[in-house]
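Spelled out, the chains give:
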Amino acid sequence: MICSFPRQVDSQIFDGLYRRGEVELELVPQGNLAARIQAAGAGLGAIFTPTGYGTPLAEGKGNP
């Protein structure tokens, strides 16, 4: 599952699936998710969003 927020307050279904390893989760910031959906609709295979670029979190992950 690719989403920006994976659950509702009263829903335990996703939590159970995730804890049992039955679903994978990729958390994406809301704006990046919208950009990815738009890019896919335009037929682009990939896009660059600079979230985290140049930060300590991104060190060693292919930054120039």
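What you are looking at is a predicted structure, and each value in this text was computed from that prediction instead of being measured.

Examining the overall build of the chain
A count of helices and strands for the chain gives two helices and two strands. Reading the secondary structure of the chain in the N-to-C direction produces β-α-β-α. Over its C-alpha trace the chain gives a radius of gyration of 15 Å, far above what one expects of a compact globule, namely 11 Å for 64 residues. With the C-alpha coordinates aligned to their principal axes, the bounding extent of the chain is approximately 40 × 30 × 20 Å.

Details of the packing of aromatic side chains
In the structure shown here, the tally under the stated rule is one aromatic pair. With 6.0 Å between their ring centres and 15° between their planes, F14 and Y18 make a pair best called stacked. Of the two residues, F14 and Y18 are both situated in helix 1 (residues 13-19); the distance of four residues between them amounts to about one turn of the helix. Residue classification places F14 among the buried residues on the basis of a relative accessible area of 10%.

Brief notes about the pattern of salt bridges
If you walk through the whole model with that rule in mind, you get two salt bridges. Taking the shortest distance from any N to any O, the salt bridge between E22 and R20 comes out at 2.8 Å. Note that E26 and R36 form a salt bridge whose closest N and O atoms lie 2.9 Å from each other. Of the two residues, E26 sits in strand 2 (residues 26-27) while R36 sits in helix 2 (residues 30-41), which places them 10 residues apart along the sequence. For E26, a relative accessible area of 35% gives the class partly exposed.

Description of helix 2
Helix length check: helix 2, at 12 residues, gives a terminal C-alpha distance of 17 Å against a target of 16 Å (1.5 Å per residue), a fit within 8%. Those residues of helix 2 lying buried are N32, L33 and A39. For helix 2, the buried positions fall inside an angular range of 130° around the axis, keeping them on one side. Exposed residues lying more than 90 degrees from the buried face of helix 2 are Q30, G31, I37, Q38 and G41. Buried-residue contacts for helix 2 involve strand 1 (2-3). In the segment just after helix 2, G43 is the residue with positive phi, at about 85°.

About the cut-offs
- Residues numbered from 1 in each chain as written.
- Predicted model: local features only at pLDDT ≥ 70, side-chain atom pairs only at ≥ 80, totals over all residues.
- Heavy atoms only, no water.
- Helix = DSSP H or I, 4+ residues; strand = E, 2+ residues; numbered from the N terminus.
- Rg over C-alpha atoms; globule rule 2.2 N^0.38 Å.
- Phe/Tyr/Trp six-rings, centres within 6.5 Å; stacked < 30°, edge-to-face > 60°.
- Buried < 20%, exposed > 50% of the residue type's maximum accessible area, 1.4 Å probe, protein only.
- Salt bridge = Lys/Arg side-chain N within 4 Å of Asp/Glu carboxyl O.
- Expected span 1.5 Å × (residues − 1).
- Arc of directions from axis to C-beta.
- Contact = heavy atoms within 4.5 Å.

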